[in-house]
Structure formats: C-alpha cells, structure tokens
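Residue-level structural notes
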Amino acid sequence: MKILTVLGSTGSIGTHTLDIVRCNRHLYQVYALVAGQNVEALVSQIVEFRPKVAAVATSAALTQLSSRLAAAGLPQTEWPELLCGDAARVQAATAGEVDTVISAIVGVAGLEATYQALCAGKRVGLANKEVLVAGGELVMEAVREHGAELLPVDSEHNGAHQCLRAGNRQQVEKLILTASGGPFRNTPKEALAFVTPEQALNHPTWRMGNRITIDCATLMNKGFEVIEACWLFGFAPSEVEVVIHPQSTVHAMIEYSDGSILAQISATDMRMPIQYALTYPERWAAPVPKIDWAEARKWEFLPPDLEKFPLLKLAYQCQEAGGSATCVLNAADEIAVEAFLQGRIGFLSIYQIVLETLSRMPARTPKTVGDILEIDHESRILARELAAARAAGHVTA
Ligand SMILES: NC(=O)c1ccc[n+]([C@@H]2O[C@H](COP(=O)([O-])OP(=O)(O)OC[C@H]3O[C@@H](n4cnc5c(N)ncnc54)[C@H](OP(=O)(O)O)[C@@H]3O)[C@@H](O)[C@H]2O)c1
C-alpha cells in the first residue's frame, strides 16, 4: 500500500494521478489532497478519496471549502483536516505517514513543498518542472543529502529515465527530447504576431493546463525541459538536443557512445509516466491505450526553428549562465503567459518580456529556497511592469 500526497490534485496531472488510484484502490491510499482555488473539484475528490488532509491556497478558498463540504452532506466527523496556505502544502508533503508525493502544482508555488518532501526523504514524482527550473541546484542537493527519490513524471524525462536504465551513464553521449512543435509549427513566423490565446491553447496532441499549453506553443516548455533534464540526469546543456516530432509518440531517446540510440515510445497518455513514478522499479498494468502496430503510421522528426521560437534558445543560454537566470526565466514567462492569456499582450511579446526581465535582473547565486522565492518575486514585479507597459501600448516592438 502506497500512501500519497497529491500536490495540485485538481489539475490535469492531479486528476490523472487520482485516476490511477481509482483503478487500484487496494494499492494506494490518499493521505492529502492539495489544490489552489478549485474548491468544487476538491470537494468531489474529498468525498471520493477520503484523505486525512485537504489544503487550498487561500483562507477565502478554505471558507468556501468548509461550506461546500457541508453542502455535500459529508458528516463533519468524516471531514479531513482542512488547511490553507504555504505551510499547509509543506505539512501535507512532509507528514510522516506519506511515502510518495506527486508534485503537480503549476509554477513556483510548488517549490517549497516539493523541496521539503525531498528533505524528508520521500519519493517524489515530479511533474512540476518549474521546481527544477527555478531551484535545480538546491533541489538536487536535497535529493543527494537526504537519500530521497526524484522520479520524473514529465513524459520526456520519464522516457529518458527508462532509456537510461539500459546502459551505463558514463557511456551516454546525449539525450534527445522530442517536442510536438505545438499549434504553430506550420504557422509562418510573420503570422505569430496575430495568433490568439484560443489558437495557442489548441495543442495538437496533449490536453494540459493553460500555462504549459502556451509554453508548448512558444517552445518555452521544451526549454524548461532541457533545464529539467540537465538537473535530473547531470547533462550539460550541449548534451541535450531537441527534435520536433509532431506525433508525440517517441518521448525521448538516449544515444550511447557506440552510436546506438534507445527510444521510449508510448501513447500520449500521462497516466503511464505517473504510474511509472509510483511503482518504479516495478511495472504494473496501466490504464492507458496501447499502440496498435497493425495500423499504418508515419513518424516525422525535424529540427526546431530557433529563430521562430527564440525562447528555446534562451533557455539553453540561461542554463549555461547558471545562478538565478533560470529562476528569472520561469517567473517572467509565467507573468507574460498570464498577460497573453488575458488578451493584454500579443504572442511575440512573451519573448520580449522574458528577455527584458532577464537583462534587467541582476545575476545572483541563490543559496536557499527563500533566496529563490525572493528572486522569483522580484522578477514577477518587473515582468508585470513590462507587461503593463506593453498592454498600455507604450512599447510596440
Ligand atoms: N498536464 C500535463 O500533461 C503535464 C505534462 C508534463 C508536465 N506537466 C507539469 O505539471 C505541472 C501541472 O501541470 P497541469 O497541466 O496539471 O496544470 P493545471 O491543470 O493548471 O493544474 C495546476 C494545479 O496546481 C494547483 N495550484 C496552482 N496554484 C496553487 C497554489 N498556490 N497552491 C496549491 N495548488 C495550486 C491548481 O489548483 P486549482 O486548479 O485548484 O487552482 C491545480 O491543481 C506543471 O508544472 C506542468 O508543467 C504537466
């Protein structure tokens, strides 16, 4: 029996995780469900999974949670402990009863709880890539120092993890991460200035949360994944290559020194990598579609267009630069994506805001989670100002 805390239970990865629990109730028990604001979804999860703890982001959401739970008819004696705020996320992730934490909050809001879970020696299934983008050095130090296990849920890294089990790490030449290319793969560069949030949210192969979907459209997500891979597997940025693979079926490849390349292939269904992170080193039957080899299929592989999608190139440069650069990159991107989704800035302004935030923020070397959160906070303030200036039409380039 595995005892789980699900950070971000109401999101795309969180609900897929609970799907796996639903299929194997005798193998998993949910200790804590942690959400942001979606109280309605959390109440149905509480009623179904009966966690010991349920947490939301704010006190306003907590008040709502109590009244909705009462309205749902669950006797108060059967309610979980209800909590809110930053400390609640940490408490849920580090409780002694918990052995596995699925880290699936979006953005840096998931950093502290994920970091503390690792410091407490838990197994963490990591979907929340921003944790490594913002705080990779500290997080990996925590894994080493506390004997914790960090298993990638991101499908590409999960694929790489599987391919790396086939050989010696010393004999690996490079990692190849695939990218679908997003909804604008075939859109001419000049037309990108006019694309809408609705078009950008229309991902060709995956259904995910809004931020990651926009990050896929700019290829920022792939840039984050390059950074994530460097931390997870100890690669230099130059050893991680990105290739566009519109079918999203080959997730990652590892090239060994003899030129042999191993690929991980599976259907586009996140429940496979989530379950892998839960059951590793074992493999259990997963509730995912199998590839039908009786069906004719064609797979393409193309190089990415770094001129059209400059955020990918910027991610490589930030990882090379080290220090606070990737934390600033993540924070500025989150703010710029938010402004784009609100219709306040154009698609191409996302890159401009990120670039300008990076150029204006001083380079630092964060030593604690507090330092990272401070850099994140300052970068957001600056990126917000830059987005506001663009939204007001003060900057057009
Ligand atoms: N979706 C995928 O297929 C996929 C694949 C690979 C990696 N990832 C990564 O996994 C993470 C989650 O992605 P997603 O697509 O599942 O995102 P999502 O659908 O937007 O879900 C995000 C989750 O985070 C919660 N959350 C946000 N702010 C919070 C806060 N301050 N405190 C507590 N919870 C908070 C949300 O709660 P509420 O909804 O209740 O506000 C929700 O449960 C991201 O880092 C993403 O890059 C996702």
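Since the model is a prediction, treat every value here as computed from it, not as a measurement.

Scoring rules and cut-offs
Residues numbered from 1 in each chain as written. Predicted model: local features only at pLDDT ≥ 70, side-chain atom pairs only at ≥ 80, totals over all residues. Heavy atoms only, no water. Pairing = 2+ DSSP bridges. Helix = DSSP H or I, 4+ residues; strand = E, 2+ residues; numbered from the N terminus. Axes fitted to C-alpha atoms, helices over the stretch in contact; angles between N-to-C directions. Contact = heavy atoms within 4.5 Å. Buried < 20%, exposed > 50% of the residue type's maximum accessible area, 1.4 Å probe, protein only. Near = heavy atom within 4 Å. Polar contact = N/O pair within 3.5 Å; in protein donor to acceptor, adjacent residues only side chain to side chain. Nonpolar A, V, L, I, M, F, W, Y, C, P; charged D, E, K, R; others polar. Core = buried A, V, L, I, M, F, W, Y, C linked by side-chain atoms within 4.5 Å. Parallel < 35°, antiparallel > 145°, perpendicular 65-115°, else oblique. Left-handed = near helix turned anticlockwise from the far one by under 90°. Salt bridge = Lys/Arg side-chain N within 4 Å of Asp/Glu carboxyl O.

Take the sheet that holds strand E9 (residues 240-244) next. Across the sheet, which stays open at both edges, the 4 strands sit in the order E9-E8-E10-E11 with mixed pairing between neighbours. Edge positions in the sheet fall to E9 and strand E11 (261-265), since each has one partner strand and no second. With strand direction ignored, the average angle separating the axes of adjacent strands in the sheet is 20 degrees. Sheet contacts for helix H10 (residues 220-233): strand E8 (172-179) and E9; angle to E8, the most-contacted strand, approximately 150 degrees.

Glancing now at helix H7 (residues 155-164). Of all 10 residues in H7, 10 are buried; the element is thus mostly enclosed. Every buried residue of H7 is listed here: Ser155, Glu156, His157, Asn158, Gly159, Ala160, His161, Gln162, Cys163 and Leu164.

The next subject is the site of the ligand. Around the ligand, the structure places 25 residues, and the nearest of them are Thr10, Gln37, Asn38, Glu130 and Gly209. Glycine 11 places a main-chain nitrogen or oxygen 3.0 Å from an oxygen atom of the ligand. By residue class, the composition of the shell around the ligand is 11 nonpolar, 10 polar and 4 charged.

The next subject is the nonpolar core. Judged by nonpolar contacts, the single largest core of 95 residues is most densely connected at Leu150, Leu175, Ile254, Leu329 and Ile350. Leaving out residues up to four positions away in the same chain, leucine 175 has contacts with Ala160, Ala229, Phe233, Phe235, Glu239, Val240, Glu241, Ala252, Met253 and Ile254. Listed in part, the 33 residues of the second largest apolar core include Val6, Ile13, Ala35 and Ile46.

As a further point, take the packing of helix H12 (residues 310-321) against helix H14 (residues 347-360). Where H12 meets H14, the axes come as close as 10 Å, and the angle between the chain directions of the two elements is 20 degrees. Classified by the interaxial angle, the pair formed by H12 and H14 is roughly parallel. In terms of crossing hand, the pair formed by H12 and H14 is left-handed. In this structure, H12 contributes Pro310, Leu311, Leu314 and Cys318 to the contact, and H14 contributes Ile350, Tyr351, Val354, Leu355 and Leu358.

This structure, assessed with the given rule, holds 24 salt bridges. Between glutamate 225 and lysine 129 there is a salt bridge whose closest N-O contact spans 3.1 Å. Within this pair, whereas glutamate 225 is found in helix H10, its partner lysine 129 is found in the loop between strand E6 (123-126) and helix H6 (130-146), the two being separated by 96 residues in sequence. Taken individually, glutamate 225 and lysine 129 each receive the classification buried, so the pair is uniform in this respect. A salt bridge links aspartate 376 to arginine 380; the shortest N-O distance between them is 2.7 Å. Remark: arginine 380 and aspartate 376 occur in helix H15 (residues 369-391); sequence separation between them is 4 residues, near one turn of the helix.

Time to look at the packing of helix H5 (residues 111-119) against H15. Two numbers describe how H5 lies on H15: the axes approach to 11 Å, and their chain directions differ by 165 degrees. Between H5 and H15, the crossing angle belongs to the class labelled roughly antiparallel. The interaxial crossing formed by H5 with H15 has right-handed handedness. Facing Leu111, Glu112 and Tyr115 of H5, the residues of H15 in contact are Val369, Ile372 and Leu373.

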